[in-house]
Amino acid sequence: MKILIVEDNRHLVQDMQEFLQENGFLIEKAGFLEEARQKINLYKYDLIILDLGLPDGNGLELIPEIKRNDPSAGIIILTAKDTVSEKVKGLEMGADDYITKPFHKAELNARINSTLRRGKFDGNSALEYGHIKINTSARQVLVNNTPLNLTKIEYDLLLYFMYNKNRMLTKESIVEHLWGDRIDESDSFNFIYNHIKNLRKKIQKLAPVNYIHSMYGIGYKFSDKEQD
Ligand code: CA
């Protein structure tokens, strides 16, 4: 996911950049309206965070150009407290959301994720974590924005992992979730091992990090962080 931050306050930009990179986003920056305009015309972004008060003009000017170049790009405007009319204007021009300075990073993250969800899946039920997105109504999986073809079992496994990210999952709980008590456990453990191996391989082809971590003797943990 690539985000362009258009903001002239360098401290704020650096803060946002560090935080968003930790959350797995690729960040580009522009401190001037003209600089942002050039980037928008040359590159594609999933989302643009747009400050309105820029040294060489009003960020609102960019909204029509963003929409013309890439209608699917999300736009979140950054505003000061006292600029209600500009917020409204920005939303009317096609911005997806706004955030008022000063803001908490968690709020920024939440708004980014909800904007990206809306943009890519037209408001359908979607799950998102790291580089992985699942449109649960269409049973469609994207890894790094590339469609991933999964078998039914792999899809069900991935969904279960996504709902239980960063949690230790025993082999028993995975088997039980997928098959209930219909299958003899000793057989199903080998069976599940192969499916998980395949799923991991498919995701790793498209994502820069491993998501499915084997926890020796216990089970698995789905996480974008390295496990000790
Ligand atoms: Ca500013």
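About the thresholds
- Residues numbered from 1 in each chain as written.
- Predicted model: local features only at pLDDT ≥ 70, side-chain atom pairs only at ≥ 80, totals over all residues.
- Heavy atoms only, no water.
- Donors = N, O, S within 2.8 Å, 3.2 Å for Na, K, Ca; no water.
- Helix = DSSP H or I, 4+ residues; strand = E, 2+ residues; numbered from the N terminus.
- Buried < 20%, exposed > 50% of the residue type's maximum accessible area, 1.4 Å probe, protein only.
- Pairing = 2+ DSSP bridges.
- Right-handed = clockwise from strand over helix to strand, strands pointing away.
- Salt bridge = Lys/Arg side-chain N within 4 Å of Asp/Glu carboxyl O.
- Phe/Tyr/Trp six-rings, centres within 6.5 Å; stacked < 30°, edge-to-face > 60°.
- Lys NZ or Arg CZ within 6 Å of the ring centre and 35° of its normal.

Undergrad: What exactly am I supposed to notice about the coordination of the calcium ion here?
TA: Tetrahedral metal sites with four donors have an ideal angle of 109.5 degrees; octahedral sites with six donors have ideal angles of 90 or 180 degrees. Distances from the calcium ion to its protein donors, namely Asp 8 (OD), Asp 51 (OD) and Gly 53 (O), fall within the range 2.3 to 2.4 Å. Along the chain, the residues that donate to the calcium ion are spaced as D-x42-D-x1-G. Of the two residues, Asp 8 is situated in the loop between strand E1 (2-6) and helix H1 (10-22) and Asp 51 in strand E3 (residues 47-51); the sequence distance between them amounts to 43 residues. You can call Asp 8 partly exposed: its relative accessible area is 35%.

Undergrad: What exactly am I supposed to notice about the pairing of E1 here?
TA: Regular strands place side chains that alternate from one sheet face to the opposite one. E1 sits mainly inside the fold: 4 of its 5 residues count as buried. As paired elements, E1 and strand E2 (residues 26-30) share 5 bridges and run parallel to each other. Directly across from Lys 2, in E2, lies its bridge partner Leu 26. For the segment spanning E1, H1 and E2, crossover handedness is right-handed. Bridge count between E1 and E3: 4 bridges; the pairing is parallel. Residue pairing in the sheet places Leu 4 in a bridge with Ile 48 of E3.

Undergrad: Sorry if this is basic, but what is going on with the pattern of salt bridges here?
TA: Going through the model one piece at a time under the given rule, you end up with 14 salt bridges. The shortest N-O distance in the salt bridge between Arg 111 and Asp 97 comes to 2.8 Å. With Arg 111 in helix H5 (residues 105-121) and Asp 97 in strand E7 (residues 97-100), the pair connects residues that are 14 residues apart, well separated along the chain. Judged by relative accessible area, which is 13%, Asp 97 ranks as buried. Residues Arg 111 and Glu 107 are paired through a salt bridge, measuring 3.0 Å at the closest nitrogen-oxygen approach. Pair noted here: Arg 111 and Glu 107 are both in helix H5, with a separation of 4 residues, about one helical turn. According to the relative accessible area criterion, Arg 111 is partly exposed, its value standing at 26%. The exposure class of Glu 107 is partly exposed, given its relative accessible area of 32%.

Undergrad: What is the right way to read the packing of aromatic side chains from this model?
TA: For the coordinates displayed, the defined rule picks out 4 aromatic pairs. Note on Phe 161 and Phe 222: the rings are 5.4 Å apart at their centroids and 10° apart in plane angle, and the pair reads as stacked. Of this pair, Phe 161 sits in helix H6 (residues 152-163) while Phe 222 sits in strand E14 (residues 219-222), placing them 61 residues apart in sequence. Neither Phe 161 nor Phe 222 differs from the other in exposure class; each is buried. The residue whose ring lies beneath Lys 2 is Tyr 45, and the NZ or CZ to ring-centre distance is 5.0 Å.

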